[in-house]
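Chain by chain, the residues:
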Amino acid sequence: MGKKMRRVAYGIVSVAVLGAVGYTAWVQYGLHKSYPQTVQISSGSALQEQIKRGEYVSRLSDCTACHTAEGGKPFAGGYRLNTPFGAILSSNITSDPETGIGGWTQEQFDRAVRHGIGSHGYLYAAMPYNAYAKLTDQDLADLWAYIKTIPPVKNKVVENQLPFPFNQRWTLAGWNLLFFKDRVFEPKATASEQFNRGAYLVDGPGHCASCHTAKNLLGGDTSAYLQGGALQGWYAPDLTANPHSGLGKWSEEDIVSYLRSGTNKITASSGPMTEAIENSTQYMTDDDLKAIAQYLKALPASEAPAPTPLSSDNTAMMTGKKVYESQCSACHVSNGSGVRNMIPSLSGNPQVNSPDPSSLVNVVLNGTDGPLTHANPTAAGMPAFSQKLSDSNIADVMTYIRNSWGNAAAPVSARQIEKARLDLQAKPWLGESMHGKK
Ligand code: HEC
Ligand code: HEC
Ligand code: HEC
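Quick caveat: nothing in here was measured; it's all calculated off a predicted structure. (Residues numbered from 1 in each chain as written. Chains lettered and ligands numbered in written order. Predicted model: local features only at pLDDT ≥ 70, side-chain atom pairs only at ≥ 80, totals over all residues. Heavy atoms only, no water.)

Caption draft 1: Local environment of the overall build of the protein chain. Secondary structure summary: the protein chain contains 18 helices and seven strands in total. A globule of 438 residues ought to have a C-alpha radius of gyration of about 22 Å, and the protein chain, at 23 Å, matches this closely. Relative to its full complement of 438 residues, the protein chain shows a buried share of 53%. Of all intrachain contacts in the protein chain linking residues separated by at least 6 positions in sequence, the fraction that spans at least 24 positions is 69%. Within the structure as shown, the protein chain displays about 20,000 Å² of accessible surface, and the carbon and sulfur contribution to it stands at 57%. Considering the protein chain, the positive charge centre built from 38 side chains and the negative charge centre built from 36 side chains are found 4 Å apart. (Helix = DSSP H or I, 4+ residues; strand = E, 2+ residues; numbered from the N terminus. Rg over C-alpha atoms; globule rule 2.2 N^0.38 Å. Buried < 20%, exposed > 50% of the residue type's maximum accessible area, 1.4 Å probe, protein only. Contact = heavy atoms within 4.5 Å. Areas by Shrake-Rupley, 256 points an atom, 1.4 Å probe, with all protein chains shown as cover. Lys, Arg positive; Asp, Glu negative; His and termini not counted. Charge placed at Lys NZ, Arg CZ, Asp CG, Glu CD.)

And the structure:
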């Protein structure tokens, strides 16, 4: 598995300020509230069934992605989520009584997973409890039955490595008060069962909004629900029916194929989405994938209008075309059509039309391994161009693909590529500029 990259709530910082406002009474109340359990763990063969269901809930929720460090034992924690102020490490959630959650009750587990209160107090929203709050009582109990079976691993993790005052967990009470809706999923009475299942999977276990919804300065969700969100070095695109930069032109089958195999006739996944597909969505049943597709297709289109494309006689466009013809067209084809289910089409590709080009820049600079799934074990990768092309050549080819074949999106500047090279620790350019200007 490649470099892991997860969203981190930058907002935790300002939270210190919030907390300082002082919600002491609420803090006391919240920390000591009890959560009676309506569904219990079964015994005998019913327990075996329950453990199996819980394993599936764990897949849907992608618990492994964060709770397994690169090269570490499953669920033993220690995976690092970096913030500009320091790191938060994921907890050891194996059954080790000393360094894991071995001695926990179901209520303690519930308090952490659905209500955001762990062994040291309030949890940082880097743990997506704000989505898991929607888990049904049955799914929570099943999940606990499964998590309890994970073999103990001794691995002491110091989760909170933030400096003062950001390390003060009690301040997170203020964040919760503003942004945390501590409510189980409520199906919409007027909608079909399939729609409700899709809504549940997306908003609850799948926690899709943690990446696909833009955050405010405090790290809370904005109201632009699933309309696209920036991560460090990536952009998770608009999932609404916007026909230009969203899924408006995708069929339900296109969505199902993407979530199951990482590829479809338009695109291929990369970065954090490949991780989500490899660890989680490829294991979803067909019915669940169809439910997600139906739910996403029913989302009203975001209002972001398509900009006017740059004219093809623009200087950047002309240089970009030369770079494209010599470096990219062998795979992506001169008309940007790609090769069905193997090489992404760059024309009519919502990610290419996204307002934020981060994912495109990332893929072109560093290359990417194709998504490795049961449905598609031989996906092709994209070569890295960081050493081959100058900042300005990469910027121009980005500008070109974003404004050709019916695409239209803001141009990309050499400054943006220079900055991305540093941020993404991409290799420096080795040689002469291929096409005139440096
Ligand atoms: C996006 C990353 C991410 C995902 C996905 C995730 N976690 Fe976490 N989890 C964390 C981090 C980070 C912490 C530590 C947060 C802190 O200490 O404030 C944590 C803490 C916890 C804790 C609290 C442990 C303690 O000792 O306080 C439990 C329990 C837990 N996670 C269980 C789960 C389960 C079960 C799932 C799947 C349903 C899951 N997590 C999915 C990142 C994640
Ligand atoms: C850890 C962050 C993260 C999570 C969680 C996540 N995504 Fe994504 N998603 C991304 C990124 C980043 C991309 C862009 C990948 C690329 O450009 O290849 C993406 C791409 C996609 C695409 C393709 C869109 C396009 O225009 O190419 C779909 C569809 C999608 N995600 C659906 C989902 C669904 C459904 C969920 C929840 C089950 C989900 N994602 C959860 C980060 C995430
Ligand atoms: C050897 C074949 C090959 C060449 C050459 C190549 N690509 Fe790719 N490219 C791929 C493959 C395969 C993928 C899909 C990889 C993935 O994301 O899993 C891809 C992905 C991409 C993506 C991401 C598309 C998406 O839907 O997220 C962009 C953007 C891209 N390439 C642009 C370029 C540009 C610009 C060039 C030239 C500088 C180029 N490629 C050269 C094979 C190639």
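Caption draft 2: Local environment of the site of ligand 3. Taken together, 24 residues are adjacent to ligand 3, and T267, C328, C331, H332 and M382 come closest. With respect to ligand 3, the backbone of S269 contributes an N or O atom lying 2.8 Å from an oxygen atom. H332 places a polar side-chain atom, nitrogen or oxygen, 2.8 Å from a nitrogen atom of ligand 3. Contributing elements (two or more residues each) for the shell around ligand 3: α15 (329-332) and α16 (358-366). Counted by class, the shell around ligand 3 contains 14 nonpolar, nine polar and one charged residues. Each of domain 2 (193-297) and domain 3 (315-423) gives at least three residues to the shell around ligand 3. (Near = heavy atom within 4 Å. Polar contact = N/O pair within 3.5 Å; in protein donor to acceptor, adjacent residues only side chain to side chain. Nonpolar A, V, L, I, M, F, W, Y, C, P; charged D, E, K, R; others polar. Domains from an automatic or database assignment.)

Caption draft 3: Seen up close, the coordination of the iron atom of ligand 3. In the first shell of the iron atom of ligand 3, the protein supplies H332 (NE2) and M382 (SD), at 2.0 to 2.1 Å from the metal. Around the iron atom of ligand 3 sit six donor atoms, and with donor-metal-donor angles ranging over 87 to 180° the site reads as octahedral. In this pair, H332 is assigned in helix α15 and M382 in the loop between α16 and α17 (391-401), connecting sequence segments 50 residues apart. Residue class for H332 comes out buried when judged on its relative accessible area of 11%. (Donors = N, O, S within 2.8 Å, 3.2 Å for Na, K, Ca; no water. Tetrahedral: all angles 85-135°; square planar, octahedral: opposite > 155°, others 65-115°.)

Caption draft 4: Region of the structure containing the site of ligand 1. The environment of ligand 1 is made up of 27 residues, and the closest members are C63, C66, H67, S119 and M127. Within the side chain of H67, a nitrogen or oxygen atom sits 2.7 Å from a nitrogen atom of ligand 1. Between S119 and ligand 1, the recorded distance is 2.5 Å, taken from a side-chain N or O atom to an oxygen atom. For the shell around ligand 1, the class distribution of residues is 17 nonpolar, seven polar and three charged.

Caption draft 5: Region of the structure containing the side chain of S61. By the secondary structure assignment, S61 is in helix α3 (residues 44-61). Only 2.7 Å separates the side chain of S61 from the backbone oxygen of V57, close enough to count as a polar contact.

Caption draft 6: Representation of the packing of α3 against helix α7 (residues 137-147). Packing of α3 against α7 leaves a shortest axis separation of 7 Å and a crossing angle of 100°. Classified by the interaxial angle, the pair formed by α3 and α7 is roughly perpendicular. Contacts from L47, Q50, I51, R53, G54, E55, V57 and S58 of α3 reach α7 at Q138, D139, A141, D142, L143, A145 and Y146. Residues belonging to the contact of α3 with α7 are distributed by class as follows: seven nonpolar, four polar and four charged. (Axes fitted to C-alpha atoms, helices over the stretch in contact; angles between N-to-C directions. Parallel < 35°, antiparallel > 145°, perpendicular 65-115°, else oblique.)

Caption draft 7: Main features of the packing of aromatic side chains. If you walk through the whole model with that rule in mind, you get ten aromatic pairs. Centroid distance W250 to Y258: 5.7 Å. Interplanar angle 65°. Geometry classified as edge-to-face. On the basis of relative accessibility, which here comes to 14%, the residue Y258 falls in the buried class. Put simply, the rings of Y324, Y400 and W405 pair up and form one aromatic cluster. In this arrangement the basic side chain of R59 is found over the ring face of Y283, its NZ or CZ atom lying 3.7 Å from the centre. (Phe/Tyr/Trp six-rings, centres within 6.5 Å; stacked < 30°, edge-to-face > 60°. Lys NZ or Arg CZ within 6 Å of the ring centre and 35° of its normal.)

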